[in-house]
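Survey of secondary and tertiary structure
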Amino acid sequence: MDRRLIVTMSFTGYLVGGALFAIAQSAAGVTYTESQIEFIVLVGYLGPFLAMGFVWVKNYGYGAPLLVGTTATTCWFVVYFFFVHDNPANVGAVTGDASIAYTASVAALVAMSLVTALTGTWLWYCESDGFREAVDNVIRPTEVRE
C-alpha cells in the first residue's frame, strides 16, 4: 500500500476532528482571542494542508517534518489553551447545552492531532535516511571504539 494513503487517512481523521471542533464551538458559542483563531487557521489547518501537498508530490523531506511539526504543535496548543489555561475557550468555562459536545470535540482534536503526528513521524522515518539514522542512534547507540 502506498504510504501516502496511510498518512492521508490519518489526516482525514484530523480534518474530521477539526470540523467537529468548529461545529461544537459554534453551537456552544465559544469565543476565542484573535491570536487563537490565527493560530488555529495558520498552524492547525493551512500548515497540515501544505504538508500534505508536499507528501502527495513525494517531497517527503519537507512534507513529513512539516506535518509532524504542525500537528504536534496544534496538539500542544489545544491541550494548553482549551484544557489548562484559564480563558473563555477553556472547556471548563463553557456552559450550556453544547458544552459536552465542545469538550468531546476538543478531546477528539487532541487525539487526531497525536495520531496524525505519529503517522507523519512514521512516514518521515520510512522515507528519510538521515532521520532514520538519528532515531536509530538514539534507540541503539553505537559503542565507542578505542
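That block above? That's the structure.
Residues numbered from 1 in each chain as written. Predicted model: local features only at pLDDT ≥ 70, side-chain atom pairs only at ≥ 80, totals over all residues. Heavy atoms only, no water.

**So, the overall build of the protein chain**
Heads up, the condition is: In this text, helices come from DSSP runs of H or I with a minimum length of four residues, and strands from runs of E with a minimum of two, each type numbered from the N-terminal end. With a 1.4 Å probe rolled over the protein chains alone, any residue whose accessible area is under 20% of its type maximum counts as buried; one over 50% counts as exposed, and the rest are partly exposed. Contact definition: two residues touch when any of their heavy atoms are within 4.5 Å. Note that accessible areas follow from Shrake-Rupley with a 1.4 Å probe, and for residues the cover is restricted to the protein chains shown. His is not counted here, nor are the chain ends, while Lys and Arg score as positive and Asp and Glu score as negative. Charge positions are represented by NZ for Lys, CZ for Arg, CG for Asp and CD for Glu.
Scanning the protein chain from N- to C-terminus turns up 5 helices and 0 strands. What you see in the protein chain, going N to C, is helices and strands ordered as α-α-α-α-α. Expressed as lengths along the three principal axes of its C-alpha atoms, the size of the protein chain is roughly 65 × 35 × 25 Å. The buried share of the protein chain, reckoned over its 146 residues, is 39%. A fraction of 72% describes how many contacts in the protein chain between residues 6 or more apart in sequence connect residues 24 or more apart. Of the accessible surface of the protein chain, which amounts to about 8300 Å², a share of 66% is contributed by carbon and sulfur atoms. Charged side chains in the protein chain number 6 positive and 11 negative. The centres of these two groups are separated by 16 Å.

**Quick word on helix H2 (residues 34–56)**
Condition: Each helix should span, by expectation, one fewer than its residue count multiplied by 1.5 Å. Bend, in this description, refers to the angle at a residue between axes fitted to the seven residues ending there and the seven starting there.
For H2, with 23 residues, the first-to-last C-alpha span of 32 Å sits near the 33 Å given by 1.5 Å per residue. Considering bend angle alone, the principal kink of H2 is centred on Leu-46 and spans about 30°; proline Pro-48 follows within four residues of it. Every buried residue of H2 is accounted for by Gln-36, Phe-39, Ile-40, Gly-44, Gly-47, Pro-48, Ala-51, Met-52 and Val-55. Structurally, H2 contributes buried residues whose contacts are with helix H1 (3–28), helix H3 (60–84) and helix H4 (99–127). The first or second residue beyond H2 is Lys-58, which carries a positive phi of 60°.

**A look at the packing of aromatic side chains**
One pair of aromatic rings is described through two measures. These are the centre distance and the angle between the planes. We apply this condition: Under the pairing criterion, centres of Phe, Tyr and Trp rings, with the six-membered ring standing for Trp, must be within 6.5 Å; the plane angle then separates stacked pairs below 30 degrees from edge-to-face pairs above 60, leaving the rest tilted. Each ring is checked for a lysine NZ or an arginine CZ that lies within 6 Å of its centre and within 35 degrees of its normal; such an atom marks a charge sitting over the ring.
This model, assessed by the stated rule, comprises 13 aromatic pairs. With centroids separated by 5.5 Å and ring planes inclined at 50°, the aromatic side chains of Tyr-32 and Phe-82 adopt a geometry described as tilted. Of this pair, Tyr-32 sits in the loop between H1 and H2 while Phe-82 sits in helix H3, placing them 50 residues apart in sequence. As far as burial versus exposure is concerned, Tyr-32 and Phe-82 are alike and both buried. Within the aromatic cluster, the residues linked to one another by ring pairs are Phe-21, Tyr-32, Phe-39, Trp-76, Phe-77, Tyr-80, Phe-81, Phe-82 and Tyr-102. Arg-132 extends its terminal NZ or CZ atom over the ring of Tyr-125, reaching a point 5.9 Å from the ring centre.

**Side note on the pattern of salt bridges**
Formally: Salt bridge criterion: a side-chain nitrogen from Lys or Arg within 4 Å of a carboxyl oxygen from Asp or Glu.
For the structure on display, the rule yields 4 salt bridges. Linking Arg-4 and Asp-2 is a salt bridge whose minimum nitrogen-to-oxygen distance equals 2.7 Å. A salt bridge links Asp-129 to Arg-132; the shortest N-O distance between them is 2.8 Å. Pair noted here: Asp-129 and Arg-132 are both in helix H5 (residues 129–139), with a separation of 3 residues, about one helical turn. Overall, the relative accessible area of 24% leaves Arg-132 in the partly exposed class.

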